[in-house]
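Below, each chain spelled out in residue letters.
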Amino acid sequence: IALWNYAEPKESAPAKSFRLKIDGTHAGRYFVQIVDPEHGSGLKAWQDMGSPISPTLNQIQQLRQASKLEEPSDRAINAPIVVPAQGLAVLELH
């Protein structure tokens, strides 16, 4: 499942909170990973280094590091999912 909190680039928007209500499953938990400007995205790092058209090998390494996802968070199925502005939450039911 994917949940997206769309906001225009450089637009300030509030985080959105979601709760799952899914019929026809026995899932009691979910794993979630968040991708937003602060998590799992190299965009800010790329912009901070001057938005190079042809990044150096060192810059590529920095971009890869900045775009690494955190380990999925394990949560109860009724726990809220908070998605920051310009964020995407990817969920896997268990």
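Preceding this paragraph is the structure being described.
Note that the structure is predicted; figures quoted are calculated from it, not measured. (Residues numbered from 1 in each chain as written. Predicted model: local features only at pLDDT ≥ 70, side-chain atom pairs only at ≥ 80, totals over all residues. Heavy atoms only, no water.)

Visitor: Could you give me a rundown of the layout of surface pockets, with the residues and numbers involved?
Guide: Each pocket or cavity is described by its volume, and for the largest pocket that value is around 380 Å³. Lining the largest pocket are 15 residues, with P9, K10, P37, L43 and Q86 sitting closest to its centre. Here the lining of the largest pocket takes three residues from helix 1 (residues 43-48), the largest share from any one element. For the lining of the largest pocket, a count of residues per class yields seven nonpolar, four polar and four charged. (1 Å grid on protein atoms, 1.4 Å probe; cavity = no way out; pocket = protein on both sides within 12 Å on 5 of 7 lines; lining within 4 Å. Points joined across faces, edges and corners; volume = space filled by probe spheres on them. Helix = DSSP H or I, 4+ residues; strand = E, 2+ residues; numbered from the N terminus. Nonpolar A, V, L, I, M, F, W, Y, C, P; charged D, E, K, R; others polar.)

Visitor: How would you sum up the pairing of strand 1 (residues 2-5)? Please name residues and give values.
Guide: The side-chain alternation of strand 1 yields one buried face, formed by L3 and N5, and one unburied face, formed by A2 and W4. One ladder, built from four bridges, connects strand 1 with strand 6 (residues 87-93); its direction is antiparallel. Opposite N5, over in strand 6, you have G87 as the bridge partner. (Buried < 20%, exposed > 50% of the residue type's maximum accessible area, 1.4 Å probe, protein only. Pairing = 2+ DSSP bridges.)

Visitor: Quick rundown of the nonpolar core? Include the residues and the values.
Guide: Core analysis: the largest hydrophobic core is formed by nine residues, namely L3, L20, Y30, V32, A79, I81, V83, A89 and L91. Those residues in contact with I81 that sit more than four places away from it in its chain are L3, K16, S17, F18, L20, Y30, V32, R75, A89 and L91. (Core = buried A, V, L, I, M, F, W, Y, C linked by side-chain atoms within 4.5 Å. Contact = heavy atoms within 4.5 Å.)

Visitor: Hey, could you go over the side chain of D36 for me, with residue numbers and the actual values?
Guide: With respect to the helices, strands and loops of the structure, D36 is situated in the loop between strand 3 (29-35) and helix 1. Of the side chains with opposite charge, R75 comes closest to the buried, unpaired D36, at an N-O distance of 11 Å. From its side chain, D36 meets the backbone nitrogen of E38 in a polar contact 2.7 Å long. Leaving out residues up to four positions away in the same chain, D36 has contacts with S41, P84, A85, Q86 and G87. (Lys, Arg positive; Asp, Glu negative; His and termini not counted. Salt bridge = Lys/Arg side-chain N within 4 Å of Asp/Glu carboxyl O. Polar contact = N/O pair within 3.5 Å; in protein donor to acceptor, adjacent residues only side chain to side chain.)

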